[in-house]
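The lines below spell out each chain.
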Amino acid sequence: MTTHTKHAEPEDAELIDALKQRDEAAFVRLVQRYQGPLLRLALVYARSRAVAEEVVQETWLGVLEGIERFEHRSSFKTWLFRILVNRARTRGEREGRTIPFSALGDAALDPAEPAVAPERFLGPTHPQWPLHWAVPPKSWGASPEEQLLTRETLELVEHAIAALPPAWREVITLRDVEGWTADEVCNVLGISETNQRVLLHRARSRVRGALERHFDAD
Amino acid sequence: MPNAEQLTCKELVELVTDYLEGALPLPDRTRFDEHLTTCPYCRIYLDQMRQTIRTLGHLPDEAIPPKALEALLAHFRGWR
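Residues numbered from 1 in each chain as written. Chains lettered and ligands numbered in written order. Predicted model: local features only at pLDDT ≥ 70, side-chain atom pairs only at ≥ 80, totals over all residues.

**Details of the overall build of chain A**
We count it as follows: Going along the chain from the N terminus, every DSSP run of H or I of four or more residues is numbered as a helix, and every run of E of two or more is numbered as a strand. In this scheme every C-beta is placed from the backbone, and a residue whose C-beta has 20 or more other C-beta atoms within 10 Å is buried, one with 12 or fewer is exposed, and one in between is partly exposed. For every residue pair, C-beta atoms are placed from the backbone, and the pair is scored as a contact if these atoms sit within 7 Å.
Within chain A, the regular secondary structure consists of nine helices and zero strands. Taken from the N to the C terminus, the helices and strands of chain A come in the order α-α-α-α-α-α-α-α-α. Taken across its 218 residues, chain A has 36% of its residues classed as buried. Counted over contacts in chain A with a minimum sequence separation of 6, partners at least 24 positions apart contribute 59%.

What follows is the structure, given as structure tokens:
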């Protein structure tokens, strides 16, 4: 339950009811609320930014077509993003490309990538500390927010995400960039909880590695 | 000298996400916590994962290009 403050944003449900009454302001609010996240996810599938923007536009047209039939049984957010994922998939098929969907790519079948390079640990036969750190991580500082949230660092993180395999990128985008719950992500992407966690783990581990290389180089 | 019951650092880094997601069975969670109390490097590693997640949550969304919004509004008015 969201606590309403004086300037609280209206809940999705209120906006949906208004949209069903053909309220333009409600539509604009919804677009403003979700356009950025939709574009961010569309970019995972599209081969260009122009295509991603088109898929997002199509998604909103899909919303207008389907809103009468939308019941509040599922959340608007997951319904909206499922439209986007379906459009992106259909489009990929039409263009004769296979889009790697995490629903199809079982994380367990991917070649395992260790979270940390194996050479950073001592060997299994080390007399005192087998498989403990040989090259341990260095602290990023007691209050690293300042350097973590610089434009430079945020750009580095954007690039690190963009370089991830699409199935990893879908999950980390929705979970960590957009702040969704695991349930919501599983629901929209059609993947199991376990698969979701494996993909999230690999994605986060890679991004941490990119940040570490960045800070260690300084 | 660590005994076989204890987690190694190499194992811990692969369990970090399950730990943060609350998905570790209790015995594993206990072993994880025990390892952290004795291993400053793994505490740093866990901190870095948390900092990574927090940073990801700060990536800015892009603004809507005015043209895209106009096109949507044109559709909306046609639909209405």
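From this point, the discussion proceeds with the structure in view.
**Topic: the overall build of chain B**
The number of helices and strands found in chain B is four helices and zero strands. Ordered by position from the N terminus, the helices and strands of chain B form the series α-α-α-α. Taken over the C-alpha atoms alone, chain B extends approximately 75 × 25 × 15 Å along its principal axes. In chain B, which comprises 80 residues, the proportion classed as buried is 22%.

**What about the interface of chain B and chain A?**
Opposite the 34 residues of chain B that make contact, chain A presents 47 residues. Elements with a minimum of two residues in the side of chain B that touches chain A: helix 1 (9–20), helix 3 (40–56) and helix 4 (66–79) of chain B. Here the element with the most residues in the side of chain B that touches chain A is helix 3 of chain B; it accounts for 10 residues.

**Side note on the domain arrangement of chain A**
All names here are of chain A. This is how it is decided: For the domain bounds, the source is a domain assignment made automatically or taken from a database.
On domain assignment, one finds that chain A holds domain 1 (12–94) and domain 2 (107–217). If you average the C-alpha positions of domain 1 and of domain 2, the two centres end up 29 Å apart. Across the contact, nine residues belong to domain 1 and 10 residues belong to domain 2. Those elements giving two or more residues to the side of domain 1 that touches domain 2 turn out to be helix 2 (24–45) and helix 4 (76–94).

**A closer look at the nonpolar core**
Residue and element names in this part refer to chain A. Condition: Buried Ala, Val, Leu, Ile, Met, Phe, Trp, Tyr and Cys residues whose C-beta atoms connect them within 7 Å together make up a nonpolar core.
Ranked by internal contacts, the top residues of the largest apolar core, which has 63 residues, are A42, V56, L80, L84, V171 and I172. Counting residues per element, this core draws most heavily on helix 2, which supplies 10 residues. Beyond its immediate sequence surroundings of up to four residues, L80 is in contact with Y34, T59 and V63.

**As for the environment of V28 of chain A**
Residues and elements named next belong to chain A. Position of V28 among the secondary structure elements: in helix 2. With 16 C-beta atoms packed within 10 Å, V28 lands in the partly exposed category. Distance from V28 to L15, taken between C-alpha atoms, is 9.7 Å for residues 13 residues apart in sequence.

**Focus: the packing of helix 1 of chain B against helix 2 (residues 26–38) of chain B**
Residues and elements named next belong to chain B. Applicable threshold: Under this scheme, a helix contributes an axis fitted over its contacting stretch, all axes are lines through C-alpha atoms, and angles between N-to-C directions fall in the 0 to 180 degree range. Should an angle fall under 35 degrees it is called roughly parallel, over 145 degrees roughly antiparallel, and 65 to 115 degrees roughly perpendicular, with every other angle called oblique. In this scheme the handedness of a crossing depends on how the near helix is turned from the far one: anticlockwise by less than a right angle means left-handed, clockwise means right-handed.
Viewed as axis vectors pointing N to C, helix 1 and helix 2 meet at an angle of 120°, and their least axial separation amounts to 11 Å. Considered as vectors, helix 1 and helix 2 are oriented oblique to each other. Crossing angle aside, the handedness with which helix 1 passes helix 2 is left-handed. Across the interface between the two elements, L12, L15 and Y19 from helix 1 touch D28, R29, F32 and H35 from helix 2.

**Some thoughts on helix 8 (residues 182–189) of chain A**
Within helix 8 of chain A, burial applies to V185, C186, V188 and L189 of chain A. Remark: G190 of chain A follows helix 8 of chain A within two positions and exhibits a positive phi of approximately 65°.

**A short note on the confidence of the model for chain B**
Definition in use: As a per-residue quantity, pLDDT reports the predictor's confidence and falls between 0 and 100.
Overall, the prediction assigns chain B a mean pLDDT of 92, with 95% of residues at 70 or greater. Our summary of model confidence lists the complex with pTM equal to 0.89 and ipTM equal to 0.92.

**Description of unusual backbone geometry**
Residue and element names in this part refer to chain A. Its identity as a non-glycine residue notwithstanding, R22 has a phi of 70°, on the positive side. As for its placement among the helices and strands, R22 is situated in the loop between helix 1 (12–20) and helix 2. Accessibility expressed as a C-beta count within 10 Å gives 14 for R22, which makes it partly exposed. With a phi close to 60°, L131 is a non-glycine residue in the positive phi region. Here L131 shows up in the loop between helix 4 and helix 5 (145–148).

**Side note on the environment of G22 of chain B**
Note that G22 of chain B resides in the loop between helix 1 and helix 2. Sequence separation of G22 of chain B and G57 of chain B is 35 residues, and the distance between their C-alpha atoms is 19 Å.

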